[in-house]
Amino acid sequence: MYAQMVSSTGKVVKSYEDMSPDERAFQARIDAGEKIEPKDWMPEGYRKTLIRQMGQHAHSEIVGQLPEGNWITRAPTLERKAILLAKVQDEAGHGLYLYCGAETLGVTRDDLTRDLLSGKMKYSSIFNYPTLTWADMGAVGWLVDGAAIMNQVPLQRTSYGPYSRAMIRICKEESFHQRQGFDIMMKMAYGLPAQRKMAQDALNRTWYPALMMFGPSDADSVHSAQSMAWKIKINTNDELRQKFVDQTVPQAEYLGLSIPDEHLKRDPETGHYNFTQPDWDEFFDVLSGNGPCNVERLNARNKAWDDGEWVRDGLMAHAEKKRTAKCAAESGRQS
Ligand code: FAQ
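Every chain is numbered on its own, with residues counted from 1 as its sequence reads. Side-chain atom pairs in this predicted model are given and counted only at pLDDT of 80 or more, local residue features only at pLDDT of at least 70, and totals for whole chains, interfaces and linings cover all residues. In computing side-chain values, all of the structure's heavy atoms are included and hydrogens and water are not.

Student: It is not clear to me how the overall build of the protein should be interpreted in this structure. Could you clarify?
Tutor: Per the secondary structure count, the protein includes 13 helices and two strands. Counting only C-alpha atoms and orienting by the principal axes, one finds that the protein spans roughly 80 × 55 × 35 Å. Residues counted as buried form 46% of the 335 residues belonging to the protein. Pairs at least 24 apart in sequence give 79% of the contacts found in the protein among residues at least 6 apart. Surface accessibility in these figures is a Shrake-Rupley result with a 1.4 Å probe; residues are shielded only by whichever protein chains are displayed. Per element, the accessible surface of the protein, about 17,000 Å² overall, is 57% carbon and sulfur. Here the protein holds 41 positive side-chain charges and 45 negative ones, and the gap between their average locations is 6 Å. Secondary structure follows DSSP: runs of H or I at least 4 residues long count as helices, runs of E at least 2 residues long count as strands, and numbering of each begins at the N terminus. Burial classes follow relative accessibility: with a 1.4 Å probe on protein chains only, a residue under 20% of its type's maximum area counts as buried, one over 50% as exposed, and anything between as partly exposed. In this analysis, two residues are considered to be in contact whenever any of their non-hydrogen atoms come within 4.5 Å of each other. His is not counted here, nor are the chain ends, while Lys and Arg score as positive and Asp and Glu score as negative. The atom standing in for a charge is NZ when the residue is Lys, CZ when it is Arg, CG when it is Asp and CD when it is Glu.

Structure, rendered in structure tokens:
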């Protein structure tokens, strides 16, 4: 049932002694902060890890359009509708940059799409939760884009050139997305009591799924150690989760909303908030295909792919017609 298949490359980082001369030279480039470009030599594991991460990231942007697309026709004002439409279009664009980036590693966008549609490749767990009210558009922008930015700002410094450059552009747009979400929350939190209640309800439902976006705890993260040695990842999952909590709690206070965590408390010595971890059984269950919307999301993407077949066929037929005409014109000129 649409499992987001867990297939990992292993936790162990290759020691310097076990590396081949090529791998040592590669690691030296990474350690020196050089960017790796598509035609450079790279270990197979590095290439595969990037395809997995960039592919999953691209799929998240594409599937992530669904919970918000659901609200475009029901946005409360024309202005809100235009803003939401622009945001959802941005997400399509982010997906495309990331698919193009992944294609520089020797896969095609069709390969990646096939693996998404079959349930073989993952997308972010957060998009398997429903968006029940308009306040969820605020909570998604504020918390989901907020978590996405927290994760993606360091990825601007990732070691793979095309990924790093894509992230620079994506982050600029994500920060606009986060601000529009916070703006919706502000209007609702300072609005009528019923609106305030909706805002609090949206925060209650989105908080823990947003914390899950950073991935499992460091103890359970399969890829972090090797990905960090290769500077594909710059921070661990727990580091980013903590930064997100530290940044978001004062924002919730400003809104006058309560984070749904009775153990949330700032440690005066470290300056960080202690907080309750998300339910990791629920996280792994969602990854196994059992979240509230896994089936609906993949059905929607499969339907879009099937419905778009005539467009793809038409474009290919047109390209073939142009290619044949060009060949005929060239052979006419030669004779
Ligand atoms: N959901 O060993 P780790 C967005 C999987 S963009 C599903 O720690 P890693 C924009 C992981 O793949 C949001 N699966 O893995 C937007 C692995 O399984 P595998 C997406 C998850 O890769 C906003 C296994 O668990 N952002 O939201 C998740 O080192 C609003 C073990 O985990 C990115 O993709 C999860 N949350 O660290 C759009 C950023 N977490 O592959 C619309 C780039 C973990 O072995 C509206 N990605 N898994 O089968 C990353 O930074 C990393 O891939 C992590 C996971 C941090 C997500």
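Student: Help me understand the side chain of Asp246, please; the structure alone is not making it clear to me.
Tutor: Its place among the elements puts Asp246 in helix α10 (residues 237-255). For Asp246, which is buried and forms no salt bridge, the nearest opposite charge comes from Arg266, at a distance of 7.1 Å. Among the polar contacts listed, one links the side chain of Asp246 to the side chain of His272, at a separation of 2.5 Å. Here Asp246 is in contact with His272 and Tyr273, once residues within four sequence places are set aside. Think of a salt bridge as a Lys or Arg side-chain nitrogen and an Asp or Glu carboxyl oxygen that are within 4 Å of each other. Within 3.5 Å is the distance limit for a polar contact, defined as a pair of N or O atoms, with the added protein rule that one can donate a hydrogen and the other accept it, and that residues adjacent in sequence qualify only through two side-chain atoms.

Student: What's the story with the packing of helix α6 (residues 135-155) against helix α7 (residues 161-189) in this structure? I'm lost.
Tutor: Any two packed helices are characterised by the angle at which their axes cross and by the distance between the axes. Axis definition: a line fitted to C-alpha atoms, over the contacting stretch in the case of helices. Angles run 0 to 180 degrees between N-to-C directions. Closest axis-to-axis distance for the α6/α7 pair is 7 Å, and the angle between their directions is 150°. The orientation of α6 with respect to α7, classified from their angle, is roughly antiparallel. Classified by chirality, the crossing of α7 by α6 is left-handed. Each residue is assigned to one of three groups, with Ala, Val, Leu, Ile, Met, Phe, Trp, Tyr, Cys and Pro labelled nonpolar, Asp, Glu, Lys and Arg labelled charged, and all others, Gly among them, labelled polar. Grouping the amino acids of the contact of α6 with α7 by side-chain chemistry returns 15 nonpolar, ten polar and two charged. Here roughly perpendicular refers to angles of 65 to 115 degrees, roughly parallel to angles under 35, roughly antiparallel to angles over 145, and oblique to all remaining angles. Whether a crossing is left-handed or right-handed is set by the direction in which the near helix is turned from the far one by less than a right angle, anticlockwise for left-handed and clockwise for right-handed.

Student: What am I meant to see in the layout of surface pockets here?
Tutor: Vacant regions in the atomic arrangement are exposed by a probe of water-molecule size rolled over the atoms. Both site types are read off a 1 Å grid over the protein atoms alone. A 1.4 Å probe that fits but cannot get out defines a cavity, while an open set with protein on both sides within 12 Å along at least five of seven lines defines a pocket; lining residues have an atom within 4 Å of a point. Grid points are joined across faces, edges and corners, and a volume is the space filled by probe spheres set on the points. Taken as a whole, the second largest pocket encloses approximately 430 Å³ of empty space. In terms of lining, the second largest pocket is formed by 15 residues, of which the most central are Leu96, Arg109, Thr113, Arg301 and Trp305. By residue number, the principal contributor to the lining of the second largest pocket is helix α5 (residues 109-117), which donates five residues. Considering only residue class, the lining of the second largest pocket consists of nine nonpolar, two polar and four charged.

Student: Honestly, the pattern of salt bridges in this entry has me stumped. Any pointers?
Tutor: Side-chain pairing between opposite charges can occur once the charged atoms of the two side chains come close. Overall, the coordinates contain 16 salt bridges when judged by the stated rule. Residues Asp145 and Lys87 are paired through a salt bridge, measuring 2.8 Å at the closest nitrogen-oxygen approach. Within this pair, whereas Asp145 is found in helix α6, its partner Lys87 is found in helix α4 (residues 78-103), the two being separated by 58 residues in sequence. A salt bridge links Glu296 to Arg297, with the shortest nitrogen-to-oxygen separation between them at 3.8 Å. Three or more residues joined by partner-sharing salt bridges are found here, namely Glu68, Lys87, Glu91 and Asp145.

Student: Looking at this structure, how should I read helix α1 (residues 21-31)?
Tutor: Think of an α-helix as turning once every 3.6 residues; residues three or four places apart then point the same way. Turning to α1, its buried residues are Glu23, Phe26, Gln27 and Ile30. The buried residues of α1 all sit within an arc of 100° when viewed along its axis, so they share a single face. The inward-facing, buried residues of α1 abut α2 (44-63) and α9 (224-229). Downstream of α1 by one or two residues, Gly33 has phi in the positive range, about 80°. Each C-beta atom gives one direction from the helix axis, and the arc is the one those directions make.

Student: Please explain the nonpolar core as it appears in this structure.
Tutor: Here is a general trend for soluble globular proteins: nonpolar side chains tend to be buried in one another's company. Working definition of a nonpolar core: buried Ala, Val, Leu, Ile, Met, Phe, Trp, Tyr and Cys residues. They are joined through side-chain atoms within 4.5 Å. Counting 37 residues, the largest nonpolar core has Trp134, Trp142, Trp207, Phe244 and Val245 as its most contacted members. Listed by contribution, the elements that provide at least two residues to this core are α4, α6, α7, α8 (193-212) and α10. Discounting residues that sit within four places of it in the chain, Trp207 has contacts with Leu143, Phe244, Val245, Thr248, Ile259 and Pro260. Of all hydrophobic cores here, the second largest spans 25 residues; its members include Leu98, Met121, Tyr160 and Trp230.

Student: Can you help me understand unusual backbone geometry in this one?
Tutor: The phi angle of most residues is negative, glycine excepted, and most peptide bonds adopt the trans form. The phi dihedral of Lys231 is positive, around 55°, even though this residue is not glycine. Turning to its location among the elements, Lys231 is positioned in the loop between α9 and α10. Classification of Lys231 by relative accessible area gives partly exposed; the value is 29%.

Student: Would you take a moment to explain the environment of Thr108 for this structure?
Tutor: Inspection of the secondary structure assignment puts Thr108 in the loop between α4 and α5. As a C-alpha pair, Thr108 and Ser125 span 17 residues in sequence and 24 Å in three-dimensional space.

Student: Could you clarify how one ought to interpret the confidence of the model for the protein in this entry?
Tutor: Interpreting fine coordinate detail is not advised for predicted regions of low pLDDT. pLDDT gives the predictor's per-residue confidence on a scale running from 0 to 100. Chain-level pLDDT for the protein is 95 on average; 97% of the residues reach the 70-or-more range. Predicted confidence is poor over residues 1-10, with pLDDT under 50, and the contacts of this stretch with residues over four places away or in other chains come to 34 contacts.

Student: What exactly am I supposed to notice about the packing of aromatic side chains here?
Tutor: For any pair of aromatic rings, the description consists of the separation of the ring centres together with the inter-plane angle of the planes. Within 6.5 Å between ring centres, the rings of Phe, Tyr and Trp (the latter by its six-membered ring) count as paired, and their orientation is classed by plane angle as stacked under 30 degrees, edge-to-face over 60, tilted in between. Scanning the model with the defined rule gives ten aromatic pairs in all. With 4.9 Å between their ring centres and 75° between their planes, Phe26 and Tyr46 make a pair best called edge-to-face. On the criterion of sequence distance, the pair formed by Phe26 in helix α1 and Tyr46 in helix α2 is long-range, its members being 20 residues apart. Neither residue differs from the other here; Phe26 and Tyr46 are each classed as buried. Following the ring pairs from residue to residue traces out a cluster consisting of Phe26, Trp41, Tyr46 and Trp230. By definition here, charges over rings are those cases where NZ of Lys or CZ of Arg is within 6 Å of the ring centre and within 35 degrees of the ring normal. A cation sits over an aromatic face here: Arg24 above Tyr16, 4.5 Å from the ring centre. Taking NZ or CZ as reference, Arg312 lies 3.5 Å from the ring centre of Trp305, over its face.

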